[in-house]
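Chains, contacts and geometry: an overview
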Amino acid sequence: MKKLLLSFFMGSMVLNGYAAETIVPEDIKSITVDKTSVREGDTVTLEIEMEEAASGNVDLYSVIEVDENGEQVDEVIATSETSSVSFVVEHSMRIKVVVSNETELAISDQTIEITAISGVKVVSIGYSISNTEEEVVGGDHLDGQTEVSFTVNAQERVVLVVNTNWSLLEDIEEEVEFKWTKDGEDVPANVTVEEAYLIIESFDTDTHNGVYECVVSDNGKQKAVVYFAINTDLPTDNEVIVASQSMYVSNGYLYLDQVSSSVKVYNINGSLVKTIPANSGNVIPLNLPKGIYVITNGKDVVKAII
């Protein structure tokens with residue numbers, strides 16, 4: 001890494017032909033950054049403070065990108081003749097500072113990590129019932145959907161939450177929109193929506209049973225959809241919610257008494273996820289992720305939890 005950087009300053013060394021004051025990494029007293037989490041394309045500014053004895057020895061302040069081992073991975077990102085260096089962040093990176101004069105340079109021991117975010121992502125979804133809290137799903141779900149089902153007793157307090165990465169970017173959080181609906185319609189009047197939170201103060205079976213959808217958008221562009229299916233009497237896994245005359249689900253298998261031309265399986269959002277040919281037999285492994293599904297066999301329909 002040092003060899004690469006030396007080539008950047010070699011010209012002035014040859015022209016001037018004298019030895020400037022020595023600079024060592026310990027001369028760099030501190031490096032502060034105005035923000036470590038930004039949107040791609042934002043500008044970051046570093047303030048570099050030198051020890052008093054070395055403050056007059058520096059002619060140029062530079063920023064380089066390094067890998068996890070501290071080795072330089074690219075050309076010099078930015079330079080400045082003052083101790084304040086600004087640059088545009090195009091991607092997440094690790095950086096170090098280089099201070100130099102005509103013959104000497106020193107690379108900071110300190111490494112700074114800058115996180116660049118291209119858009120909103122759902123990190124996790126969660127819910128709380130009365131005073132019991134449980135995080136349900138973790139991970140990134142950009143342009144995807146997440147589903148969770150749980151039971152609630154009457155009069156319990158329920159809070160649904162969609163956690164995103166936008167807490168890292170508080171200065172532009174207003175650009176993220178959370179649109180909540182229940183069963184495809186506006187949420188009931190006695191349900192409170194506070195951006196990423198939906199609050200039911202006292203659960204009522206007739207009013208609040210159903211599927212709550214939250215669409216997360218960034219600058220008007222839909223990024224993620226999550227679902228909370230809430231019921232006061234939800235069956236256990238592999239049990240039927242809506243009964244059928246010709247089929248039922250048990251232990252992850254679909255049992256058919258009569259087979260139409262094909263059997264179709266839809267997810268909770270109404271998207272077709274599986275088509276089962278008519279010649280597949282009467283006992284069919286579904287091999288589906290956990291969730292709520294609607295299965296059609298001709299005109300017959302069954303709704304079940306896998």
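Residues numbered from 1 in each chain as written. Predicted model: local features only at pLDDT ≥ 70, side-chain atom pairs only at ≥ 80, totals over all residues. Heavy atoms only, no water.

1. Comments concerning the overall build of the protein
Helix and strand counts for the protein come out as two helices and 26 strands. Across the protein, every contact between residues at least 6 apart in sequence was considered, and the portion connecting residues at least 24 apart equals 61%. Surface summary for the protein: the accessible area is close to 16,100 Å², and the carbon and sulfur share equals 44%. (Helix = DSSP H or I, 4+ residues; strand = E, 2+ residues; numbered from the N terminus. Contact = heavy atoms within 4.5 Å. Areas by Shrake-Rupley, 256 points an atom, 1.4 Å probe, with all protein chains shown as cover.)

2. Re the nonpolar core
Among soluble globular proteins, nonpolar side chains are generally buried collectively. Counting residues in each nonpolar core, the largest one holds 27 residues, and the members touching the most others are Phe150, Leu160, Val162, Trp180 and Phe228. Taken together, the elements giving at least two residues each to this core come down to strand E10 (122-129), strand E12 (145-151), strand E13 (158-164), strand E14 (176-182), strand E16 (197-200), strand E17 (210-218) and strand E18 (221-231). In this structure, Val162 is in contact with Val122, Ser124, Ile125, Phe178, Trp180, Ala196, Cys214, Val216, Val226 and Phe228, ignoring residues within four places of it in sequence. Counting 24 residues, the second-largest nonpolar core is a separate cluster that includes Tyr61, Val89, Met93 and Ile114. (Core = buried A, V, L, I, M, F, W, Y, C linked by side-chain atoms within 4.5 Å. Buried < 20%, exposed > 50% of the residue type's maximum accessible area, 1.4 Å probe, protein only.)

3. Section: the sheet that holds strand E24 (residues 283-285)
Ordered in space as E20-E21-E24, the three strands form an open sheet in which the pairing is antiparallel. Each end of this open sheet is capped by a strand with a single partner; those strands are strand E20 (247-250) and E24. Pairwise comparison of adjacent strand axes, ignoring direction, gives a mean angle of 25° for this sheet. Here three bridges tie strand E21 (residues 253-256) to E24, and the two strands are oriented antiparallel to one another. Residue pairing across strands places Leu254 opposite Ile284, the latter belonging to E24. (Pairing = 2+ DSSP bridges. Axes fitted to C-alpha atoms, helices over the stretch in contact; angles between N-to-C directions.)

4. Some remarks on the sheet that holds strand E6 (residues 84-88)
Strand order across the open sheet formed by three strands is E1-E3-E6, with antiparallel pairing between neighbours. Of all strands in the sheet, those bounded by a partner on one side alone are strand E1 (28-33) and E6. Taking the axes of each pair of neighbouring strands and ignoring which way they run, one obtains an average angle of 20° across the sheet. Here E1 pairs with strand E3 (residues 43-50) via five bridges, running antiparallel. What sits directly across from Ser30, in E3, is Glu49.

5. Points about the pairing of E14
Counting buried positions along E14 gives five out of seven residues, so the element sits mostly inside the fold. Relative to E17, E14 is paired through seven bridges, and the arrangement is antiparallel. Looking at E17, one finds that Lys182 is bridged to Tyr212.

6. What about the side chain of Asp27?
Looking at where Asp27 falls in the secondary structure, it is placed in the loop between helix H1 (2-16) and E1. Taking the relative accessible area as the measure of exposure, Asp27 reaches 15% and is therefore buried.

7. Description of the pattern of salt bridges
Evaluated as defined, the whole model comprises five salt bridges. With its nearest N and O atoms 3.0 Å apart, the salt bridge here joins Asp183 to Lys182. Residue Asp183 is classed as partly exposed on the basis of its relative accessible area of 47%. (Salt bridge = Lys/Arg side-chain N within 4 Å of Asp/Glu carboxyl O.)

8. Some thoughts on the environment of Asn153
Looking at the secondary structure, you find Asn153 in the loop between E12 and E13. Sequence separation between Asn153 and Ser202 is 49 residues, and the spatial gap between their C-alpha atoms is 9.5 Å.

9. Thoughts on unusual backbone geometry
Despite not being glycine, Glu195 has its phi angle at roughly 55°, a positive value. As for its placement among the helices and strands, Glu195 is situated in the loop between strand E15 (192-194) and E16. Under the relative-accessibility criterion, Glu195 is labelled exposed at 54%. Look at Asn287: it is not a glycine, yet its phi comes out positive at around 50°.

10. Observations concerning the environment of Ile295
One can find Ile295 in strand E25 (residues 292-297). On the basis of relative accessibility, which here comes to 1%, the residue Ile295 falls in the buried class. Each C-alpha atom, one on Ile295 and one on Leu254, is 9.3 Å from the other, the two residues being 41 residues apart in sequence. When neighbours within four sequence positions are excluded, Ile295 is seen to be in contact with Met247, Val249, Leu254, Val263, Lys264, Val265, Leu286, Asp300, Val301 and Val302.

11. Re the confidence of the model for the protein
Summary statistics for the protein give a mean pLDDT of 79 and a share of 79% for residues scoring 70 or more. Mean pLDDT per element in the protein: H1 is the minimum at 44, and E6 is the maximum at 96. Here residues 6-19 scores under 50 on pLDDT; set against residues more than four positions off or in separate chains, the count is 18 contacts. Every residue in residues 234-242 scores below 50 in pLDDT, and together they form 30 contacts with partners more than four places removed in sequence or on other chains. (pLDDT = per-residue confidence, 0-100.)

12. Focus: the pairing of strand E26 (residues 300-305)
With six bridges joining them, E25 and E26 adopt antiparallel strand pairing. Note that in E26 the partner of Val294 across the bridge is Lys303. The antiparallel hairpin formed by E25 and E26 contains two residues in its connecting segment, where Gly298 sits at a positive phi of about 70°.

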